[in-house]
Amino acid sequence: RLYAVEEVQKVEPRIAYYCRLYAVEEGLKLQNREKAIDELLFSVMDKLEAYKSKNKLDPEEDKLHLEGFALKIFDRADRVDRAGRADMSTCKTFYAASVFMEVCTQFGALDEDLLGKQKYAAWKAADIRKAIREGRKPTVGSGIVEKNYGPGDKVLCKVDEGSVPVEGAVLSSMDNTFMVSLPGGTMQLKGNQLALRVLPGSAVTYSKDGKQEEGKVVSVDVTVWPPSYDVEKSSGGTLGTEEQYITVTAEPPQANLDALNVRDEPAAGVPVSAPASAQPPPPPIQPPAPPASAPHAQDPSPGVVNVRVEPSPSPRAHAQATPAPKVVPGYVPSLLQMNDAQRQAKVAVSSLGFQDYKSAIDYLQRALALLTSPQT
């Protein structure tokens, strides 16, 4: 702490005084001190007495002055960090801010806001230092994305570490905590347990580093958490991105829903009604139950029109009916074709995440075709 004192001595001698006073108080608490430490403490005490004899101290006013100085140092480091320009100098500034806030404790316990910033500054200094040592760019801010879902928003929910994401609908929210309607009932979840539910084919605006570009979501990888969204940019090329960088501007046309969101098996988090013969008689105010031959997919969210799902063969029968592509002797796919095949395979994985096995089979066949025979 004394090294920070020397840096502010010339510009803020009053703050330097309280930093030395805090260091002495902490030093005197040490048991079995070495002679060198005692000599250092006596030297600092002499400086404290010299300053006190020439300056009038006002604890109340000095407390406010010290807190203001600490917050000023904190804000300086925080602005640089949130601009994505954190370096070793930012690390030292965060650390200095945490020390100055800790020095404020000699006037009494820190209030909740100041205590939170003191802990954050100390953690941030260590986090930046670790990132630089590992040769990577420091994470901006806390690394925690604040979610702003509203009532009725459809989301993907990961209830615990080992569970498969399911669909749900937000009922209410407060301080990054959400009440969500799930197939099994209502549950309270944190923001990091939720992700934006985006249908492949949705139009989005991709925004990052002050730049915006229109695009289309081609797949959503729910095998990782948070999910990865593959966006096909209007300028060309496909990139994988995170939820905070995309804004949905339009969902797929109604004509595409059969391929994107309609299944003949229950999707995770989307219950399907049983045949009419297995259901109790509906109340008079409700419409008649659907016939046994045409179950309806029901979304837990209000305001969503049910879509009729026709019976279809099982996944096993569908897969066996499709012959595997034949490999053309001597054919070697180009790098462009291999990249395209990789993209088709990723879309297939995304489809399986939504239990859409038909689309998965289709995209895998496209990928195999690209790898086994010349494309005309």
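Here the structure is shown first, and the text comes after it.
Residues numbered from 1 in each chain as written. Predicted model: local features only at pLDDT ≥ 70, side-chain atom pairs only at ≥ 80, totals over all residues. Heavy atoms only, no water.

1. A few points about the sheet that holds strand β9 (residues 238–241)
Overall, antiparallel pairing links the five strands, which are arranged β9-β8-β7-β6-β10 in an open sheet. One side of each edge strand has no neighbouring strand; the edge strands of this open sheet are β9 and β10 (246–250). Direction aside, neighbouring strands of the sheet carry axes that sit 40 degrees apart on average. (Pairing = 2+ DSSP bridges. Helix = DSSP H or I, 4+ residues; strand = E, 2+ residues; numbered from the N terminus. Axes fitted to C-alpha atoms, helices over the stretch in contact; angles between N-to-C directions.)

2. Side note on the nonpolar core
With 35 residues, the main nonpolar core has F74, F94, F100 and V103 as its most contacted residues. Within the residue set of this core, elements represented by two or more residues are α1 (2–8), α2 (13–28), α3 (35–54), α4 (59–82), α5 (88–103) and α6 (112–133). A per-element tally of this core places α5 first, with eight residues. The residues contacting V103, other than those within four sequence positions of it, are Y18, C19, Y22 and L66. In terms of nonpolar packing, the next biggest core, distinct from the first, is built from 22 residues, F178, V198, V217 and V231 among them. (Core = buried A, V, L, I, M, F, W, Y, C linked by side-chain atoms within 4.5 Å. Buried < 20%, exposed > 50% of the residue type's maximum accessible area, 1.4 Å probe, protein only. Contact = heavy atoms within 4.5 Å.)

3. Comments concerning α3
Counted at 1.5 Å a residue, the expected span for α3 with its 20 residues is 28 Å, and the 30 Å between its end C-alpha atoms agrees. Considered for burial, the residues of α3 that qualify are L41, V44, L48 and Y51. Seen from one end, α3 has its buried residues packed into an arc of 85 degrees, which puts them on one side. Opposite the packed face of α3, turned more than 90 degrees from it, sit the exposed residues K35, F42, D46, E49, S53 and K54. (Expected span 1.5 Å × (residues − 1). Arc of directions from axis to C-beta.)

4. Side note on unusual backbone geometry
Backbone torsion omega between W225 and P226 reads 0 degrees, so that peptide bond is classified as cis. Looking at the secondary structure, you find P226 in the loop between β7 (211–221) and β8 (228–233). At N32, a residue that is not glycine, the phi angle is positive and equals roughly 55 degrees. Since its relative accessible area comes to 78%, N32 is described here as exposed.

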